[in-house]
Amino acid sequence: MSKKKADKKKGGFVRAIKNIFVFLIACALLILLGLTGIYIYVKHDVNPRLLKEEDATALSDVDCIIILGASVKNGDTPSPMLRDRLDEGIALYKAGCAPKILMSGDHGSEYYNEVSVMKNYAIKQGVPSEDIFLDHAGFSTYESMYRARAIFGAEKVVIVTQKYHLTRAVYNAKNLGMDAYGVAAAPINYGGQTIRNIREYLAISKDFVMTFIKPEPTVLGNPISLDGSGDVTNGAD
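Residues numbered from 1 in each chain as written. Predicted model: local features only at pLDDT ≥ 70, side-chain atom pairs only at ≥ 80, totals over all residues. Heavy atoms only, no water.

Colleague: So what about the packing of helix H6 (residues 163-175) against helix H7 (residues 193-213)? Which residues, and what values?
Modeller: Relative to each other, H6 and H7 sit at 10°, their axes nearing to 9 Å. Taken as axis vectors, H6 and H7 run roughly parallel relative to one another. For the pair H6 and H7, the contacting residues are Tyr164, His165, Arg168, Tyr171, Asn172 and Asn175 in the first and Gln193, Arg196, Asn197, Glu200, Ala203, Ile204, Asp207, Phe208 and Thr211 in the second. Residue composition of the contact of H6 with H7, grouped by class: 5 nonpolar, 6 polar and 4 charged. (Axes fitted to C-alpha atoms, helices over the stretch in contact; angles between N-to-C directions. Helix = DSSP H or I, 4+ residues; strand = E, 2+ residues; numbered from the N terminus. Parallel < 35°, antiparallel > 145°, perpendicular 65-115°, else oblique. Contact = heavy atoms within 4.5 Å. Nonpolar A, V, L, I, M, F, W, Y, C, P; charged D, E, K, R; others polar.)

Colleague: A description of the side chain of threonine 167 should follow, citing residues and the corresponding values.
Modeller: Considering the arrangement of structural elements, one finds threonine 167 in helix H6. For threonine 167, the contacting residues outside a window of four places in its chain are Val42, Lys43, Val46 and Leu50.

Colleague: Please provide a residue-by-residue account of the pairing of strand S4 (residues 101-104), values included.
Modeller: The two faces of S4 match: Ile101 and Met103 on one face and Leu102 and Ser104 on the other face are all buried. Note that strand S1 (residues 64-68) and S4 share 4 bridges and pair parallel. Within S4, the position partnered with isoleucine 67 by the bridge is methionine 103. Pairing of S4 with strand S5 (residues 132-135), which is carried by 4 bridges, proceeds in the parallel orientation. Directly across from isoleucine 101, in S5, lies its bridge partner isoleucine 132. Remark: the S4/helix H4 (residues 114-124)/S5 crossover connection has right-handed handedness. (Buried < 20%, exposed > 50% of the residue type's maximum accessible area, 1.4 Å probe, protein only. Pairing = 2+ DSSP bridges. Right-handed = clockwise from strand over helix to strand, strands pointing away.)

These figures come from the coordinates and say nothing about function on their own.
Right, dumping it as structure tokens:
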């Protein structure tokens, strides 16, 4: 092969690689644009429903306060993030925001049980056991909200979690049929927040799709009335 032909072939290969690279960059930018658009839409849609504690306690006919689970330490101690969620939810309950608390978290094995740790903490803070309902299969934000409506019959709720997570939680609840509001736990820097923010940015788009197609959660079960005693949920439902 002559040098001229070899150079031409090499040039064609380089152009092909450049075209592929440009195509991939364009696809990545389109995906990023789509994710950003969804993020902005969801934030705008939910923002009026994010309340201060005093505004949430002024609401009427709230069925329950939903406290979302987070990690526990040594099997029996709420992590700082979970403790702050619990403290805010308990404060709302004591201020008369709702007559019941629904604690939703991961109880995926006998060795890991977020919700029982959450309930024990609330009882020590003076919340009556019968006013605390446990959702043992709240394996994700979407599943917690789906089950709050489908299993516990919640129609009007106030959700408690950290600010970075609250928008998605309220959006899920709202689009799964509940009149939902949110109150953020204390604004504390727990470390690793940048990673959580990136993950939340992606998770908002995921749940945007989930609330559109509405797949059933991992676990359903029999209905449990919030009008009764929460002690019926002390064991896995």
